[in-house]
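Residues per chain are reported as follows:
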Amino acid sequence: MANKPKIALIIGSTRQHRFADIPAAWMKAQADARGDMDVEVVDLRDFNLPMFDEPASDAYMPSSNAAAVAWQKKIASFDGYIFVVAEYNHSVTGPLKNAVDQAYTAWARKPMAAIAYGSMGGARALEHLRGIAVELQMVPTRNAVHIGGGDFWKVHPGMGGSGNLADIEGALLPSAAATLDDLAWWAKATMAARG
């Protein structure tokens, strides 16, 4: 394909002792091995986003905060997104929700997929994110990667686990392939439709 989709792999946790880097690296390796998309890690730690405090969404008026504008430009440069979703109290992290709220037009008509984690595989947080994505005119993919239950504890270094997703890779590979297939298809379709 002449123009491979450019995909942001967005790390949605900013905690010092986060688990997110482990699934992010693993998911990037899965995507890179395919060769049908270019994936760039976008870490929320690298953006000094204020809490959303604009008069309105950038769907209605330009944002005034320079950090928000820089974030919008970064997000706008991609054709789709893979979110690394940590589940906090049955939902997404505060920094991820804030980052999503800082942009509107940049997300529109582009697909989003996810690798989610937590005791229930991050399923509740990802369902919240999918609902938010629909409001932002993203195309949520059906498939996702979920790291939960015993597998989550087995690899989470803060919980005595190995820190190595290879230890549970057999359980994750089928869903990763399906997720990336969905993302690649929707990215190509929406790129063509956006012209």
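Structure: above.
Notes on the structure follow. (Residues numbered from 1 in each chain as written. Predicted model: local features only at pLDDT ≥ 70, side-chain atom pairs only at ≥ 80, totals over all residues. Heavy atoms only, no water.)

1. Quick notes on unusual backbone geometry
Positive phi, normally seen in glycine, also occurs at H90, with a value near 70°. Assignment of secondary structure puts H90 in the loop between β3 (80-86) and α3 (94-101). Of note in this structure, Q137 is not a glycine but carries a positive phi near 65°. Among the secondary structure elements, Q137 is positioned in the loop between α4 (123-135) and β5 (139-140). (Helix = DSSP H or I, 4+ residues; strand = E, 2+ residues; numbered from the N terminus.)

2. Let's talk about the layout of surface pockets
Think of a ball as big as a water molecule: rolled over the atoms, this probe shows where empty space is left. The space that makes up the largest pocket amounts to roughly 280 Å³. Lining the largest pocket we find 18 residues, and of these E87, Y88, Y117, F152 and H156 sit closest to its centre. (1 Å grid on protein atoms, 1.4 Å probe; cavity = no way out; pocket = protein on both sides within 12 Å on 5 of 7 lines; lining within 4 Å. Points joined across faces, edges and corners; volume = space filled by probe spheres on them.)

3. What to know about the packing of aromatic side chains
If you walk through the whole model with that rule in mind, you get 10 aromatic pairs. One aromatic cluster is present, formed by F47, W71, Y81, F83 and W107 through successive ring pairs. Seen from the ring of F78, K6 lies directly overhead, with NZ or CZ sitting 5.0 Å from the centre. (Phe/Tyr/Trp six-rings, centres within 6.5 Å; stacked < 30°, edge-to-face > 60°. Lys NZ or Arg CZ within 6 Å of the ring centre and 35° of its normal.)

4. Some thoughts on the side chain of S91
Along the chain, S91 falls in the loop between β3 and α3. Reaching out from S91, the side chain makes a polar contact with the side chain of H128 at a distance of 2.8 Å. Not counting residues within four places of it along the chain, the set of residues in contact with S91 comprises A86, A125 and H128. (Polar contact = N/O pair within 3.5 Å; in protein donor to acceptor, adjacent residues only side chain to side chain. Contact = heavy atoms within 4.5 Å.)

5. Examining the side chain of D36
Take D36: it is sitting in the loop between α1 (21-34) and β2 (38-43). The buried category is assigned to D36, whose relative accessible area is 18%. Of note is the side chain of D36, whose polar atom sits 2.9 Å from the side chain of R34. Residues in contact with D36, not counting those within four places in the same chain, are K4, P5, A184 and K188. (Buried < 20%, exposed > 50% of the residue type's maximum accessible area, 1.4 Å probe, protein only.)

6. Considerations on the nonpolar core
Residues I10, W71, Y81, F83, V85, W107 and L129 are the most contacted members of the largest nonpolar core, which totals 30 residues. Put simply, the parts of the chain that give this core at least two residues each are β1 (6-11), α2 (66-76), β3, α3, β4 (111-117) and α4. Tallying contributions element by element places α4 first for this core, with five residues. In this structure I10 touches V42, L44, I75, Y81, I82, F83, V84 and W107, once residues within four positions along its chain are discounted. (Core = buried A, V, L, I, M, F, W, Y, C linked by side-chain atoms within 4.5 Å.)

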